[in-house]
Amino acid sequence: GSLTNPRGLRAEGGDPARLPSGGVLLVANHPTAAAARLVLARLPWARRVRTSVVAAPIPAGRFDRLAQRLRDGGTVLVFPEGPPSADGGLGEFGDDAVRLATRSGAQVVPVGIRGALSAGGRERRGVDGRARVGVRLGDPLTGAGLTGAAEQRAAVQALLTEDAETWWQVQRRSDPVPAEQPHGWRQTWAQTAPARRGGMKDAPRIWR
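A few points on the structure. (Residues numbered from 1 in each chain as written. Predicted model: local features only at pLDDT ≥ 70, side-chain atom pairs only at ≥ 80, totals over all residues. Heavy atoms only, no water.)

Attention now goes to the nonpolar core. In terms of nonpolar packing, the biggest core is built from 23 residues, with Leu25, Val76, Val78 and Leu100 touching the most fellow members. With residues near it in sequence (within four places) discarded, Leu25 still touches Leu70, Val76, Val78, Ala97, Leu100, Ala101, Ala106, Gln107, Val108 and Val109. (Core = buried A, V, L, I, M, F, W, Y, C linked by side-chain atoms within 4.5 Å. Buried < 20%, exposed > 50% of the residue type's maximum accessible area, 1.4 Å probe, protein only. Contact = heavy atoms within 4.5 Å.)

Between its terminal C-alpha atoms helix 3 (residues 60-71) stretches 18 Å, which fits the 16 Å expected from twelve residues at 1.5 Å a residue. For helix 3, the complete set of buried residues consists of Phe63, Leu66, Ala67 and Leu70. Looking down the long axis of helix 3, one finds its buried residues gathered within 100° of arc, a one-sided arrangement. Facing away from the buried side of helix 3 by more than 90 degrees, the exposed set consists of Gly61 and Arg65. The inward-facing, buried residues of helix 3 contact strand 2 (24-28), strand 3 (51-55), strand 4 (75-79) and helix 4 (96-104). (Helix = DSSP H or I, 4+ residues; strand = E, 2+ residues; numbered from the N terminus. Expected span 1.5 Å × (residues − 1). Arc of directions from axis to C-beta.)

On to the side chain of Ser85, then. Checked against the element boundaries, Ser85 lands in the loop between strand 4 and helix 4. In terms of polar contacts, Ser85 uses its side chain to reach the side chain of Asp87, at 3.0 Å. Contacts of Ser85, omitting those with residues within four sequence positions, involve His30 and Pro31. (Polar contact = N/O pair within 3.5 Å; in protein donor to acceptor, adjacent residues only side chain to side chain.)

Taken N-terminus to C-terminus, the directions of helix 3 and helix 4 make an angle of 55°; their axes are 9 Å apart at the nearest point. One finds that helix 3 runs oblique with respect to helix 4. In this structure, helix 3 crosses over helix 4, and the sense of that crossing is right-handed. Residues Phe63, Asp64, Leu66, Ala67, Leu70 and Arg71 of helix 3 form the contact with helix 4, whose participating residues are Asp96, Arg99, Leu100, Arg103 and Ser104. (Axes fitted to C-alpha atoms, helices over the stretch in contact; angles between N-to-C directions. Parallel < 35°, antiparallel > 145°, perpendicular 65-115°, else oblique. Left-handed = near helix turned anticlockwise from the far one by under 90°.)

Another aspect to go through is helix 4. If you check which residues of helix 4 are buried, you get Asp96, Ala97, Val98, Leu100, Ala101 and Ser104. Following helix 4 by one or two positions, Gly105 adopts a phi angle in the positive range, close to 75°.

Take the pattern of salt bridges next. A full pass over the atoms with the stated rule returns six salt bridges. A salt bridge links Asp95 to Arg99; its shortest N-O distance comes to 3.7 Å. Taking the relative accessible area as the measure of exposure, Asp95 reaches 42% and is therefore partly exposed. For Asp163, the salt bridge goes to Arg114, with nearest N and O atoms at 2.8 Å. Taken together, the positions of Asp163 in helix 6 (residues 149-164) and Arg114 in strand 5 (residues 107-114) put the pair 49 residues apart, joining distant regions of the chain. Classification of Asp163 as buried rests on a relative accessible area of 2%. According to the relative accessible area criterion, Arg114 is buried, its value standing at 7%. Through salt bridges with shared partners, a single network forms among Arg114, Arg136, Glu162 and Asp163. (Salt bridge = Lys/Arg side-chain N within 4 Å of Asp/Glu carboxyl O.)

Listed below in structure tokens is the structure:
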């Protein structure tokens, strides 16, 4: 498929240039079937064409091939939640990405995708007619982040919160793990709004 932004959406977020060299395992939430294309659109071209995409559970026959791709310096994008979320919320992470990182020795980079259900967005779009989707790439995980699915999930959740907040809000937050947004229809409603940058006047309301 195309390696560009899905129609009607524009991926924005952290600087992809921060990606480490060598094999990189991207671990992302899976709010929609368009998530893979949104992440690929944020990667440098040299990374895009060497990126494999897989959702948990990873088939046994493919696991070794993905590990080898990482050892060869390629990139693998994994959705540890499995299939796309029914409401855009963040589900539980399986341990597929953990095992793949252990097998390959690749660096793990969390990715947070926010506002991906806004293809038919209910709010004003940008000047180019496309709705913004926040796609943030975090810093490589170390220590427990390589060995625990819970730590990987927490890193993705932190990126989702960071995309919705201002710098000042992030600095003042005392909770080590940000509070999660609710699931169900409230979550779906919030996710259909374009992901305005944190702190902007027209930022979407976060339902409590």
